[in-house]
Amino acid sequence: MPAAQAPLPRSLEPLPDESLPGFLLRLTHRLDLTSHQLARRVTLIPPDDPHARVSAAHLLMMQPARLHAFAEVTRMTTADADALTLRSYADRYPALAQALVRPGSIPRPRRLSQPWLLMNLSRYCPACLAGDGTPIQAAHGGPWKRQWRLAVTFACLDHWTFLRSECPRCRLPALSGRSASPLALLPAANAPRLHPAQCRNWLDGSGRREVCGHRLDGAEPAAAALTPELADLQTVLLDLLGSDEPAELASQRFADLQVAISLIQAGWPVAAELAPAATRAILEAHLTPQQQDGHDPGPAVESAGSPPAAVWSAPPGDSIATAGLLFAAYHLLAQDSSGPRSALPQLLRNLPTRDDIRWGRTWHMLAHQASPSLRRRIDQVYRHRLSADWIRQGAPTLRASKANTTQKVFASTNTLTDLGIAPEHIPQCLPGSWLLATTLKDSERDLTSYRLRRVLPVHLVQAISEMNFLEAAAFLGIPTSWTTQSRLRIKPLDPRRDLKNGDLPATLRLLAQHVLGQEKVDYRARRMQFSRWSIDDMTWDELCRQRPPGRGRKPNEHTRECASAFVWSYFTGSEFALAPVFQPPMRPHDRTLSLDMPHLTKLRRWESKEPPVPASWLCTALEEHARQVIATISHAS
Ligand SMILES: [Zn+2]
Ligand SMILES: [Zn+2]
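Reading the values: the criteria
- Residues numbered from 1 in each chain as written.
- Chains lettered and ligands numbered in written order.
- Predicted model: local features only at pLDDT ≥ 70, side-chain atom pairs only at ≥ 80, totals over all residues.
- Heavy atoms only, no water.
- Helix = DSSP H or I, 4+ residues; strand = E, 2+ residues; numbered from the N terminus.
- Buried < 20%, exposed > 50% of the residue type's maximum accessible area, 1.4 Å probe, protein only.
- Contact = heavy atoms within 4.5 Å.
- Areas by Shrake-Rupley, 256 points an atom, 1.4 Å probe, with all protein chains shown as cover.
- Donors = N, O, S within 2.8 Å, 3.2 Å for Na, K, Ca; no water.
- Tetrahedral: all angles 85-135°; square planar, octahedral: opposite > 155°, others 65-115°.
- Salt bridge = Lys/Arg side-chain N within 4 Å of Asp/Glu carboxyl O.
- Axes fitted to C-alpha atoms, helices over the stretch in contact; angles between N-to-C directions.
- Parallel < 35°, antiparallel > 145°, perpendicular 65-115°, else oblique.
- Nonpolar A, V, L, I, M, F, W, Y, C, P; charged D, E, K, R; others polar.
- Phe/Tyr/Trp six-rings, centres within 6.5 Å; stacked < 30°, edge-to-face > 60°.

**A word on the overall build of the protein**
Each helix and strand counted, the protein has 30 helices and four strands in total. A total of 637 residues make up the protein; the buried ones form 53% of that total. Contacts spanning at least 24 positions in sequence make up 71% of the contacts within the protein whose residues lie at least 6 apart. As displayed, the protein offers around 28400 Å² of accessible surface, 53% of which is attributable to carbon and sulfur atoms.

**A look at the coordination of the zinc ion (ligand 2)**
Within the protein, the atoms that donate to the zinc ion (ligand 2) are Cys-167 (SG), Cys-170 (SG), Cys-199 (SG) and Cys-212 (SG), at distances of 2.3 Å. Each of the four donor atoms bound to the zinc ion (ligand 2) contributes to angles spanning 105 to 118°, and the resulting shape is tetrahedral. Site description for the zinc ion (ligand 2): donor spacing in sequence, C-x2-C-x28-C-x12-C. Within this pair, whereas Cys-170 is found in the loop between strand S2 (161-162) and strand S3 (202-205), its partner Cys-199 is found in the loop between S2 and S3, the two being separated by 29 residues in sequence. Across the pair, exposure class does not vary: Cys-170 and Cys-199 are buried alike.

**As for the environment of Leu-543**
Checked against the element boundaries, Leu-543 lands in helix H27 (residues 537-545). In this structure the C-alpha to C-alpha distance between Leu-543 and Trp-617, which are 74 residues apart in sequence, comes to 9.6 Å. When neighbours within four sequence positions are excluded, Leu-543 is seen to be in contact with Ile-535, Trp-617, Ala-621, Leu-622 and His-625.

**Points about the pattern of salt bridges**
Tallying each qualifying case throughout the model produces twelve salt bridges. With its nearest N and O atoms 2.4 Å apart, the salt bridge here joins Glu-575 to Arg-454. Taken together, the residues span a long stretch of sequence, with Glu-575 in the loop between helix H28 (557-572) and helix H29 (593-608) and Arg-454 in helix H21 (residues 450-464) at a distance of 121 residues. On the basis of relative accessibility, which here comes to 2%, the residue Glu-575 falls in the buried class. Overall, the relative accessible area of 12% leaves Arg-454 in the buried class. Here Arg-627 and Glu-624 are joined by a salt bridge, their closest N and O atoms 3.5 Å apart. With Arg-627 and Glu-624 both in helix H30 (residues 616-636) and three residues apart, the pair spans about one turn of that helix.

**Some thoughts on the coordination of the zinc ion (ligand 1)**
For the zinc ion (ligand 1), the full set of protein donor atoms is Cys-125 (SG), Cys-128 (SG), Cys-156 (SG) and His-159 (ND1), and the range of their distances to it is 2.1 to 2.3 Å. Because the angles between the four donor atoms bound to the zinc ion (ligand 1) fall within 103 to 117°, the donor set is best described as tetrahedral. Donor residues for the zinc ion (ligand 1) sit on one chain with the sequence pattern C-x2-C-x27-C-x2-H. With Cys-125 in the loop between helix H6 (94-100) and helix H7 (126-130) and Cys-156 in strand S1 (residues 155-156), this pair connects stretches of sequence that are 31 residues apart. The buried category is assigned to Cys-125, whose relative accessible area is 0%. A relative accessible area of 6% means that Cys-156 is categorised as buried.

**Some details on the packing of helix H11 (residues 277-287) against helix H13 (residues 319-334)**
It is at 8 Å that the axes of H11 and H13 come closest, and there the two elements cross at 105°. Comparing the axis directions of H11 and H13 gives the class roughly perpendicular. The residues of H13 that touch H11, namely those facing Thr-279, Ile-282, Leu-283, His-286 and Leu-287, are Ile-320, Ala-321, Gly-324 and Leu-325. Counted by class, the contact of H11 with H13 contains six nonpolar, three polar and no charged residues.

**Remarks on the packing of aromatic side chains**
With the rule as written, the count across this model stands at eleven aromatic pairs. Considering the side-chain rings of Trp-533 and Phe-571, the 5.3 Å spacing of their centres and the 85° angle between planes classify their relative orientation as edge-to-face. With Trp-533 in the loop between helix H26 (523-529) and H27 and Phe-571 in helix H28, the pair connects residues that are 38 residues apart, well separated along the chain. Of the two residues, Trp-533 and Phe-571, both sit in the buried class.

**Regarding the side chain of Ser-251**
Within the secondary structure, Ser-251 is located in helix H10 (residues 247-267). Taking relative accessible area as the criterion, Ser-251 reaches 6% and is therefore assigned buried.

**Considerations on the environment of Pro-221**
Its location among the elements puts Pro-221 in the loop between strand S4 (208-211) and helix H9 (228-242). The class of Pro-221 is exposed, set by a relative accessible area of 71%. The sequence separation of Pro-221 and Pro-126 amounts to 95 residues, and the corresponding C-alpha distance is 9.3 Å.

This is how it looks when you write it as structure tokens:
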């Protein structure tokens with residue numbers, strides 16, 4: 001909790017879209033303080049620690065107590081103080097959601113390092129920094145804007161110019177301190193008497209530390225002139241950040257753009273002609289070094305001392321190159337992918353394998369944040385136009401390649417195609433009763449066998465389609481890591497050992513017949529539609545009210561996460577462990593699988609109803625709720 005401070009004698013009114021660092025810089029100038037002195041005064045660092053660093057996390061958001069203290073000292077409303085941070089973009093801009101959100105509690109900064117969030121540097125427009133000529137801006141400069149921290153912002157539309165990516169003198173990104181310094185809100189916090197528009201990067205040379213000090217509000221021209229088509233694109237992107245479009249759709253569109261940019265960078269130069277001519281030379285210079293072997297990223301990256309980086313999932317540092325890629329991605333997504341001139345299939349055919357480290361979080365993003373329609377389109381290309389080679393190459397381990405060969409082993413089961421079952425009608429995880437109907441009925445062991453409940457659906461999808469084991473698992477929404485990485489969580493059955501009758505084709509036929517007797521449900525569509533689902537506050541309160549008086553403890557957050565997973569699994573026919581509450585962005589990044597174990601144990605006890613059932617009233621209420629959700633889905637479709 002920040003210590004209380006008296007309000008400053010003089011403050012400033014925030015400028016439109018001004019960022020917290022920008023506001024602080026103008027205020028240091030007005031009060032003639034160093035930024036370190038000011039940060040202490042406005043309670044961003046403790047009053048008595050001379051070495052405290054102002055955390056860059058404040059740019060994302062300020063916690064309520066700090067927000068109030070800060071607003072009071074700087075004589076503004078808490079709403080105005082909050083508007084200096086990026087928090088309000090969190091539900092529209094996926095990188096911010098990644099950096100902030102945590103389910104079931106107040107959001108707080110979690111993972112500052114997101115490629116599409118410029119936390120330790122800012123792009124800038126010189127004319128904005130120079131101010132608009134009003135007395136207050138003439139005296140202390142214009143705003144360092146918030147949107148310059150979002151990598152999708154590459155141009156200033158007020159001044160019709162590309163944003164600058166680095167200081168013309170020291171050639172480092174603005175407000176970055178030094179290239180290797182840790183994240184700080186304000187570099188050179190102890191340097192006195194700098195104008196807000198002066199470069200604050202440290203020059204490392206000849207042992208003496210000196211601040212660059214170059215004025216960034218000068219008239220140096222950008223490397224290229226902003227074109228109308230790119231200005232239009234910038235308008236569209238800025239509108240997405242604050243439009244009437246539902247936040248979830250906006251977030252999906254940004255995620256789609258990020259995935260498309262990964263594909264374009266990885267497949268470069270296959271889709272090069274989608275980029276505007278004005279940006280192509282700059283793009284070429286940026287992308288060519290990346291296309292060398294991923295395990296040897298070249299001297300540029302090596303010098304930063306980092307491991308081979310996820311370069312494809314990150315935007316270029318340069319705003320003109322970023323503009324070119326965003327434009328290409330925007331048009332790639334806008335094309336009809338079944339049309340004869342579509343670049344997507346061509347691009348997908350030319351991609352490096354999925355295990356290349358340069359992909360970063362691309363595939364995760366596609367699976368969890370991108371729009372269902374992009375997932376479907378990429379899926380279709382793979383299913384209809386590609387050989388399975390690409391997915392197979394993606395398998396990095398020997399054991400996985402053994403899994404691949406099962407395509408041949410089980411080729412003979414490919415006789416169920418005539419039953420008219422579509423792969424999307426197979427649940428990811430078999431309900432216990434289906435398993436009982438399929439295997440020997442007296443077997444308790446089989447009922448609780450998660451392995452069979454997981455693997456049989458994969459084999460069944462194989463049997464009714466042309467997919468191999470890995471493709472079928474991926475189709476069912478099972479993470480690639482489960483089928484390819486060192487400890488396989490899903491691998492093909494050994495019929496003699498794993499099945500009572502030792503006969504996989506016969507078992508699959510029984511299962512297929514059982515599926516035919518069930519109501520047809522598109523489990524895949526449900527999984528996609530509800531890929532960010534959890535129980536909302538109101539429903540949870542209602543559920544909790546059904547607790548009979550005196551029955552055990554009041555359900556806590558842990559129970560609530562389990563409840564969300566339970567209901568989600570019920571209506572999507574999917575694994576508890578793959579429920580959205582256990583996946584990013586809803587799942588805290590620092591929680592490991594072993595920390596999920598108590599959740600999964602609880603869920604299995606709820607499911608099996610094995611005594612002692614911890615909260616039988618809750619199970620009943622959750623099943624009822626799941627049926628209600630299903631009723632609304634079937635009603636809607
Ligand atoms: Zn400007
Ligand atoms: Zn500089």
